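Residue-level structure breakdown
Given next are the chains, with one letter for each unit.
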Amino acid sequence: MNYEEWFPTLIYYDKIDIDGLEKKSYKLKKESNGTTRSNRGGWHSHDIEENPLFSKLVDDIEQKALQIHNNIYQKNTGKFKVVAMWININSSKSYNTSHIHPNSDLCGNLYVKTSKNCGNIFFEDPRVVHRMNEPYSNILMNRLTSKQVTYTPEDGKILFFPPWIQHGTEPNMSGKDRISIAFNMKHNEL
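Let me sum up the structure you'll find in this document. Bear in mind the structure is a predicted one, so any value in this text is a computation, not a measurement.

What counts as what
Residues numbered from 1 in each chain as written. Predicted model: local features only at pLDDT ≥ 70, side-chain atom pairs only at ≥ 80, totals over all residues. Heavy atoms only, no water. Salt bridge = Lys/Arg side-chain N within 4 Å of Asp/Glu carboxyl O. Helix = DSSP H or I, 4+ residues; strand = E, 2+ residues; numbered from the N terminus. Buried < 20%, exposed > 50% of the residue type's maximum accessible area, 1.4 Å probe, protein only. Pairing = 2+ DSSP bridges. Contact = heavy atoms within 4.5 Å. Axes fitted to C-alpha atoms, helices over the stretch in contact; angles between N-to-C directions. Phe/Tyr/Trp six-rings, centres within 6.5 Å; stacked < 30°, edge-to-face > 60°. Lys NZ or Arg CZ within 6 Å of the ring centre and 35° of its normal.

**Details of the pattern of salt bridges**
Side chains that carry opposite charge are capable of pairing whenever their charged atoms lie near each other. This structure, assessed with the given rule, holds 8 salt bridges. Among the salt bridges present, the one from Glu22 reaches Lys113, with a minimum N-O distance of 3.9 Å. Here Glu22, found in helix 1 (residues 21-31), pairs with Lys113, found in strand 6 (residues 106-113); they are 91 residues apart in sequence, far enough to count as distant. On the basis of relative accessible area, Glu22 is assigned to the partly exposed category, the value being 33%. For Glu31, the salt bridge is made with Lys27, and the minimal N-O distance between the two is 2.6 Å.

Quick look at the structure:
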């Protein structure tokens, strides 16, 4: 039988250079009380995309996002540009509540410092009606039937995903800090 996929939700992932980012993150934390957004416990920086300490990272993220752009759209028609970026340092038992990223076209998260049990990131099925018929058995759960998917943090792992997908993190149960850098991107036509 033939079939087609409609309304897919793509989550991209890769590795990226994180050299020096842990030290820079702790430096900013020492200089600022931060803010509270989706974080419960832990520390959330103010926006850092304009900070010269992170200009190389912005360039690296935009280069990775260009690959995504070229997968979705025609090549040489535009690119994604970082418009907001911030650091999350989640200490023991800290987490981020389920949320979305309004006013952006693509968003993501880069893991700078991780350890075992530091709290997976989870994504929720955006098709609310689809959740009515969730299988009762784990045997029947797969990428087409589950209501949630999780990714385990790894140093240098970067995730890109649509801003409208609900996501959050599990509590950090490692006893060590988990450092991540989150970002929002807008599409710019060339």
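**Re the sheet that holds strand 9 (residues 157-161)**
What the 6 strands build is an open sheet, ordered 1-9-6-11-4-3; its pairing is antiparallel. Both outer strands of the open sheet, strand 1 (12-15) and strand 3 (43-44), are each paired with one neighbouring strand and no more. Bridging between strand 3 and strand 4 (residues 78-90) involves 2 bridges; their strand directions are antiparallel. Considered in strand 4, the bridge of His44 is made with Asn88. Sheet contacts for helix 2 (residues 55-72): strand 1, strand 4, strand 6, strand 9 and strand 11 (178-189); angle to strand 4, the most-contacted strand, approximately 130°.

**Regarding the packing of aromatic side chains**
Scanning the model with the defined rule gives 5 aromatic pairs in all. Ring geometry for Tyr13 against Tyr151: centres 6.0 Å apart, planes inclined by 55°, an arrangement best described as tilted. You can see Tyr13 sitting in strand 1 and its partner Tyr151 sitting in strand 8 (residues 148-151), a full 138 residues away along the chain. On the basis of an interplanar angle of 65° and a centroid distance of 5.4 Å, the ring pair of Phe160 and Phe183 is categorised as edge-to-face. One end of the pair, Phe160, is in strand 9; the other, Phe183, is in strand 11, with 23 residues separating them in the sequence. Taking the relative accessible area as the measure of exposure, Phe160 reaches 3% and is therefore buried. The exposure class of Phe183 is buried, given its relative accessible area of 0%. Put simply, the rings of Tyr13, Phe123, Tyr151 and Phe161 touch in pairs and so form one group of aromatic residues. For the cation-ring pair, Lys24 lies above Phe54, with the distance from its terminal atom to the ring centre recorded as 6.0 Å.

**A few points about the pairing of strand 7 (residues 121-124)**
Across the two faces of strand 7 the burial is the same, with Ile121 and Phe123 and Phe122 and Glu124 all buried. Judged from the 3 bridges that link them, strand 7 and strand 10 (residues 167-169) form a sheet pairing that is antiparallel. Note on strand 10: the bridge partner recorded for Phe123 is His167.

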